[in-house]
Amino acid sequence: MTTRSRASRPDVEGCLTALLKLLGVNGLYTKREDLARYETGARYGVGQAAFVMRPASTQDVSLALRTCFDHNVAVLAQGANTGLVGASTPDASGHQAVLSFERMASGIQLNAINRSVGVSAGLSLSTLNTVLENAGLWFPIDLGADPTIGGMIATNTGGTRFIRYGDVRRNVLGLEVVLYDGTILNLMDQVRKNNTGFDAKQLFIGTSGQFGIVTRAVLEVQPLPKNTATALMVPTSSAGALDILVRLEDRFGPQLTSFEGISETALAVVFGEVPQLRNPFLTEPLPPYALLIEVSSWNSGGTGGDIEDDLARELERAFEDGMIENAFTQDPVNLWSIRHHISDSLKRRGKVIALDVSVPRDRFIQFREEACERVLRQADFVMIVDFGHLGDGGVHFNMIWPHDVPYDVELVEELRTTVYDLVASHGGSFSAEHGIGPFNAHFYKRYVPAAKQKIEHLLGQALACLEKDKS
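The notes below deal with the structure included here. (Residues numbered from 1 in each chain as written. Predicted model: local features only at pLDDT ≥ 70, side-chain atom pairs only at ≥ 80, totals over all residues. Heavy atoms only, no water.)

The strand order β5-β6-β10-β8-β9 describes an open sheet built from 5 strands, whose pairing is antiparallel. Because the sheet does not close on itself, it has two edges, and the strands there are β5 (109-111) and β9 (184-187). Adjacent strand axes in the sheet meet at a mean angle of 15°, parallel and antiparallel pairs treated alike. Two elements, strand β6 (residues 116-120) and strand β10 (residues 213-220), share 5 bridges in a ladder whose sense is antiparallel. Along β10, the bridge assignment pairs valine 119 with alanine 217. The sheet strands contacting helix α3 (residues 58-70) are β8 (172-178), β9 and β10, and the helix crosses β8 at an angle near 45°. (Pairing = 2+ DSSP bridges. Helix = DSSP H or I, 4+ residues; strand = E, 2+ residues; numbered from the N terminus. Axes fitted to C-alpha atoms, helices over the stretch in contact; angles between N-to-C directions. Contact = heavy atoms within 4.5 Å.)

The next point concerns the layout of surface pockets. Here the second largest pocket defines a volume of roughly 990 Å³. Forming the boundary of the second largest pocket are 40 residues, of which Gly206, Ser431, Gly435, Ile436 and Lys452 lie nearest the centre. Those elements that place two or more of their residues in the lining of the second largest pocket are α14 (437-447) and α15 (450-470). Ranked by the residues each element gives to the lining of the second largest pocket, the list is headed by α14, at 5 residues. (1 Å grid on protein atoms, 1.4 Å probe; cavity = no way out; pocket = protein on both sides within 12 Å on 5 of 7 lines; lining within 4 Å. Points joined across faces, edges and corners; volume = space filled by probe spheres on them.)

Here the focus is the packing of aromatic side chains. Scanning the entire structure with this criterion turns up 12 aromatic pairs. Considering the side-chain rings of tryptophan 138 and tyrosine 165, the 5.7 Å spacing of their centres and the 90° angle between planes classify their relative orientation as edge-to-face. Pair noted here: tryptophan 138 is in strand β7 (residues 137-138) and tyrosine 165 is in helix α6 (residues 162-165), with a separation of 27 residues, a long-range link. Ring plane angle 80° and centroid distance 6.2 Å describe the contact between tyrosine 420 and tyrosine 447, whose orientation is recorded as edge-to-face. In this pair, tyrosine 420 sits in helix α13 (residues 409-425) while tyrosine 447 sits in helix α14, placing the two residues 27 residues apart along the sequence. Taken as a pair, tyrosine 420 and tyrosine 447 share a single burial class, namely buried. Each member of the aromatic cluster is reached from another via a ring pair, and the members are Tyr420, Phe430, Phe443 and Tyr447. (Phe/Tyr/Trp six-rings, centres within 6.5 Å; stacked < 30°, edge-to-face > 60°. Buried < 20%, exposed > 50% of the residue type's maximum accessible area, 1.4 Å probe, protein only.)

On to a negative patch on the surface, then. There is a patch of like negative charges on the surface, built from Asp408, Glu410, Glu413 and Glu414. Tracing the chain through its elements places glutamate 413 in helix α13. Since its relative accessible area comes to 30%, glutamate 413 is described here as partly exposed. (Patch = residues over 30% accessible without salt bridge, like charges linked within 9 Å, V, L, I, M, F, W, Y side chains within 5 Å. Areas by Shrake-Rupley, 256 points an atom, 1.4 Å probe, with all protein chains shown as cover. Salt bridge = Lys/Arg side-chain N within 4 Å of Asp/Glu carboxyl O. Lys, Arg positive; Asp, Glu negative; His and termini not counted. Charge placed at Lys NZ, Arg CZ, Asp CG, Glu CD.)

Spatially, β15-β12-β14-β13-β17-β18-β16 is the arrangement adopted by the 7 strands of the open sheet, whose pairing is antiparallel. Each edge of the sheet is formed by a strand with only one pairing partner; in this case those strands are β15 (324-328) and β16 (350-358). Taking each pair of neighbouring strands and ignoring which way they run, the sheet shows an average axis angle of 20°. When strand β13 (residues 256-263) meets strand β14 (residues 289-297), the two strands line up antiparallel, connected through 7 bridges. Each bridged residue has a counterpart across the sheet, and for glycine 261 the counterpart in β14 is leucine 291.

Here the focus is the pattern of salt bridges. Counted by the stated rule, this structure contains 24 salt bridges. The closest approach of N and O atoms between aspartate 321 and arginine 247, which form a salt bridge, is 2.8 Å. With aspartate 321 in the loop between α9 (306-320) and β15 and arginine 247 in helix α7 (residues 241-252), this pair connects stretches of sequence that are 74 residues apart. Between glutamate 273 and arginine 349 there is a salt bridge, with its nearest N and O atoms 2.6 Å apart. Of this pair, glutamate 273 sits in helix α8 (residues 264-273) while arginine 349 sits in the loop between α11 (342-346) and β16; the two residues are 76 residues apart in sequence, bridging distant segments of the chain.

The next point concerns the packing of α7 against α9. Interaxial distance between α7 and α9 falls to 12 Å at its minimum, and their mutual angle equals 145°. Note that α7 runs across α9; the crossing there is right-handed. Here α7 contributes Arg247, Leu248, Arg251 and Phe252 to the contact with α9, which in turn contributes Asp310, Leu311, Glu314, Arg317 and Ala318. Broken down by class, the residue content of the contact of α7 with α9 amounts to 4 nonpolar, no polar and 5 charged. (Left-handed = near helix turned anticlockwise from the far one by under 90°. Nonpolar A, V, L, I, M, F, W, Y, C, P; charged D, E, K, R; others polar.)

Of note in this structure, arginine 115 is not a glycine but carries a positive phi near 50°. Assignment of secondary structure puts arginine 115 in the loop between β5 and β6. Arginine 115 gets classed as partly exposed once you look at its relative accessible area, which sits at 24%.

Turning our attention to the packing of α13 against α14. Where α13 meets α14, the closest approach of the two axes is 12 Å, and the angle between their N-to-C directions is 40°. In the crossing of α13 with α14, the sense of the turn from one axis to the other is right-handed. Across from Glu413, Arg416, Thr417, Tyr420, Asp421 and Ala424 in α13, the residues of α14 making contact are Asn440, His442, Phe443, Arg446 and Tyr447. Looking at the contact of α13 with α14 residue by residue, the classes come out as 4 nonpolar, 3 polar and 4 charged.

Judged by nonpolar contacts, the single largest core of 51 residues is most densely connected at Phe367, Phe397 and Met399. It is α13 that contributes the most residues to this core, 7 residues altogether. In terms of nonpolar packing, the next biggest core, distinct from the first, is built from 26 residues, Ile149, Ile205, Ala217 and Val221 among them. (Core = buried A, V, L, I, M, F, W, Y, C linked by side-chain atoms within 4.5 Å.)

Printed below as a string of structure tokens:
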């Protein structure tokens, strides 16, 4: 999440004196041994914090932000710190204050009839879904990590079931937000239809804290699927993957909840590094490309095996039509574990250069082939490990720099630019769902249209006027 402060020199000591009175000893960490766990991301990002604020309420957040604003101290909001673009960790200056939401993880208010739930920003996704499961509901943003709701809103996460349920933006009804001058905005709508002017909550979804910090939210939740069927299939060609996608969408419609692509290198790495996973390809070579799909239904349907039978019949027809070579449907938990263990297994092979990009679905295969060819032309020792959300045109295009090759920062930057330039030429996005953050800030200036950058700048100025009027 990005930071915000005025241009004057920060008064850290004066800020700490004021905050100690407002937040108390338990709400403010200043010792280096206490700060360490807030300064390093779960996977990426490391820095040094001036101090850590641990508010227990929205009012605490308001007071903390106002105090930091008055003392010109930049603030970095932090949830579970699982981000991949360095946006949830402080920089190396030692001047940024971290605002942790770990004490704001309670207060779930479920409205089952409205299919909505009010939550605090510090609540984890797993905790929320554990509570919702008791009511036969869930928040269907499926991720490999376990982020906080506030972090998910700030980055507008998507996940493996985007094709059916969309991203976080599509599932947010209302927000409570604190601006950097301490102003509290109550946008906690529970209605799905409201055309009374500008939808202000959208300013704070997917903008990484640029305009304000989310403290609470009202989320739309969905019924838990009662029937689910999963298959790991091998298309006869990678180009034919899109034909399979269109065919399954035509057959299952919104029951098609996931359509993931996994490269041969991704399979090889995860099976090599996570031995407890069962390799369904044990008796045959790994395929060049595999598809992990899921279909699900809210209907209980007789014995509960109807959708599995439907998928089995469709796979049989696809095999007869020469579209797939093989398919595995046994042990769906293992099949999904393969997918979710890929990210963590990569770092054991080398330094991961993680790119999260998207292109229009019809350009996906061409982009993938061109990106692999161009990267290997520049650095043939790099291992390309790509996987991701083929159903929505997204792909985690990861490059692994081997441990035994001296790391070349300039070449890494060239490789990133090569892939991002190609993404742009295909009309795609260089940040599909991870947000901007320090890692991608300069690419924002390179690829985002100037008019859009200007609009965002003007919006920031408009909110700053609130701060100026209150000063």
